[in-house]
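Listed here are the chains, written in short residue letters.
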Amino acid sequence: INETELLQNLKNAYQTIKTDLQKRYILKNISDKLHQSYLGQYINQATKLFDNKIIDDHSGKLVGTLNDYYSSTINNGEYYKLMTKQDVEFVLNEALKNYNEEINIETQFYELIQLVSKSTWFQEWDYLKNI
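Residues numbered from 1 in each chain as written. Predicted model: local features only at pLDDT ≥ 70, side-chain atom pairs only at ≥ 80, totals over all residues. Heavy atoms only, no water.

Participant: What am I meant to see in the overall build of the protein chain here?
Facilitator: When helices and strands are tallied, the protein chain shows six helices and zero strands. What you see in the protein chain, going N to C, is helices and strands ordered as α-α-α-α-α-α. Here the analysis covers contacts within the protein chain between residues at least 6 apart in sequence; of these, 54% occur between residues at least 24 apart. (Helix = DSSP H or I, 4+ residues; strand = E, 2+ residues; numbered from the N terminus. Contact = heavy atoms within 4.5 Å.)

Participant: What is the right way to read the packing of aromatic side chains from this model?
Facilitator: The description of an aromatic ring pair uses the distance of the two centres, along with the angle that the planes make with each other. In this structure the tally under the stated criterion is three aromatic pairs. Summarising the aromatic geometry, the rings of Tyr14 and Tyr79 are spaced 5.9 Å apart at their centres and angled 25 degrees between planes, so their arrangement reads as stacked. Residue Tyr14 is located in helix H1 (residues 3-25), and its partner Tyr79 is located in the loop between helix H3 (60-75) and helix H4 (85-96); the two are separated by 65 residues in the primary sequence. Between Tyr69 and Tyr70, the aromatic rings sit 5.8 Å apart at their centres with planes inclined by 55 degrees, giving tilted as the arrangement. Since its relative accessible area comes to 38%, Tyr69 is described here as partly exposed. Judged by its relative accessible area of 8%, Tyr70 falls in the buried class. In textbook terms, an aromatic cluster arises when at least three aromatic residues are bridged by ring pairs, as seen for Tyr25, Tyr69 and Tyr70. (Phe/Tyr/Trp six-rings, centres within 6.5 Å; stacked < 30°, edge-to-face > 60°. Buried < 20%, exposed > 50% of the residue type's maximum accessible area, 1.4 Å probe, protein only.)

Here's what the structure looks like:
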């Protein structure tokens, strides 16, 4: 495996993912169904965490906060915080495309997760597992 070529493939895949994440997450229109879904998920999680409904569904401030979070996460290159398993599959397959290797995320995702050392897990992940 050519390390330089692999790294370039990863960079290209991440550039594509960055563009996709910007299109998917940056809230342009709060009435958009997908964005309403994200907002609803956020409110539901906050409700579970704080044991009561303390967030106003129609708060423009919340939309701004979500926009800020999504924008800063993408701009800081922390794509992993927003990527779906299909996004992970795309990145891995793009990186491996010149080596006749392909990842099927539906059958291999759990195996990939198991290969990661727990010492590299994010504190956020450990916290989310306990919710």
